[in-house]
Amino acid sequence: MKTTHNINKWSFIITLLLYLTVYLGLLAQIPLGFIQFILALSILSRWKELNPLSKKLISIYWFLFISYWLAFYLLNQSFENTYGLIFYAVIPMGIASYFVYTTYQIKKEIHELKPDYI
């Protein structure tokens, strides 16, 4: 889980740094989203090993992820106004930051339970 969190954390940090140019930050969200999706699937594959708090955190992430994509397809926002900026930049980065927090909490919980595991 330590590797999962580190991959997630550094992908997120690189995306934030690329936001200094705005355009590159928006483009970097695409691979970040793909990376986080794959990492979330890998966490789901280890569902039985998770404690109740970790299960709750990852369930909330999946709810946010699915809700955002449903809204993305149903609303089809344009990027020409403030709402488009919030919809395409702020909300996805908010979900991404929540997933970084989630992987950190899961890593911390596993490390406390099994220090030799990590």
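In this report, the structure presented in the accompanying data block is examined. (Residues numbered from 1 in each chain as written. Predicted model: local features only at pLDDT ≥ 70, side-chain atom pairs only at ≥ 80, totals over all residues. Heavy atoms only, no water.)

A look at the nonpolar core
Let me state the cut-off plainly: Residues enter a nonpolar core if they are buried and are Ala, Val, Leu, Ile, Met, Phe, Trp, Tyr or Cys, with the set joined through side-chain atoms within 4.5 Å. Note on exposure labels: buried denotes an accessible area under 20% of the residue type's maximum, exposed denotes more than 50%, and partly exposed covers the range between, all computed with a 1.4 Å probe on protein chains only. In this description a helix means any DSSP run of H or I spanning at least four residues, a strand means any run of E spanning at least two, and both kinds are numbered starting from the N terminus. Whether two residues are in contact is decided by their heavy atoms, any of which lying within 4.5 Å being enough.
Counting 18 residues, the largest nonpolar core has Ile43, Ile58, Tyr61, Trp62, Phe99 and Ile106 as its most contacted members. Secondary-structure elements contributing two or more residues to this core are helix H2 (23-44), helix H3 (52-75) and helix H4 (82-113). Broken down by element, the residue count for this core peaks at seven residues, all from H4. Apart from the residues within four sequence positions on either side, Phe99 is in contact with Asn8, Gln36, Leu39, Ala40, Ile43, Ile58 and Tyr61. Listed in part, the eight residues of the second largest apolar core include Tyr19, Leu32, Met93 and Ala96.

Points about the pattern of salt bridges
We count it as follows: We define a salt bridge as a contact between a side-chain nitrogen of Lys or Arg and a carboxyl oxygen of Asp or Glu at a distance within 4 Å.
Under the defined criterion, the tally for this structure stands at one salt bridge. Between Glu49 and Arg46 there is a salt bridge, with the nearest N and O atoms lying 3.3 Å from each other.

Examining the side chain of Thr102
Along the chain, Thr102 turns up in helix H4. Under the relative-accessibility criterion, Thr102 is labelled buried at 0%. Dropping the residues within four chain positions of it, Thr102 is found in contact with Leu57 and Ile58.

Observations concerning the packing of aromatic side chains
Note the following rule: Aromatic pairing here means that ring centres of Phe, Tyr or Trp (its six-membered ring) are within 6.5 Å. Orientation follows from the plane angle: under 30 degrees is stacked, over 60 is edge-to-face, and everything else is tilted.
Per the counting criterion, the structure on display carries 16 aromatic pairs. Judged by centre distance (5.8 Å) and plane angle (85°), the rings of Phe72 and Tyr88 are edge-to-face. Highlighted residues: Phe72 in helix H3 and Tyr88 in helix H4, separated in sequence by 16 residues. When its relative accessible area of 24% is taken as the criterion, Phe72 is described as partly exposed. Classification of Tyr88 by relative accessible area gives buried; the value is 19%. Taken together, Tyr68, Trp69, Phe72, Tyr73, Phe87 and Tyr88 form an aromatic cluster joined through their ring pairs.

Overview of a nonpolar patch on the surface
To keep things clear, this is the line we draw: Within this analysis, patches are made of residues with over 30% relative accessible area and no salt bridge. Like charges are joined at 9 Å or less; nonpolar side chains (Val, Leu, Ile, Met, Phe, Trp, Tyr) at 5 Å or less. Per-residue accessibility takes into account occlusion by the displayed protein chains alone, with areas from the Shrake-Rupley method and a 1.4 Å probe.
Judged by side-chain polarity, Trp10, Ile14, Leu18, Tyr23, Leu24, Leu27 and Ile30 come together as a nonpolar surface patch covering roughly 720 Å² of accessible area. Elements supplying a minimum of two residues to the nonpolar patch: helix H1 (2-18) and H2. Tracing the backbone through its elements, the reader meets Tyr23 in helix H2. Looking at Tyr23, the relative accessible area reads 58%, which means it is exposed.

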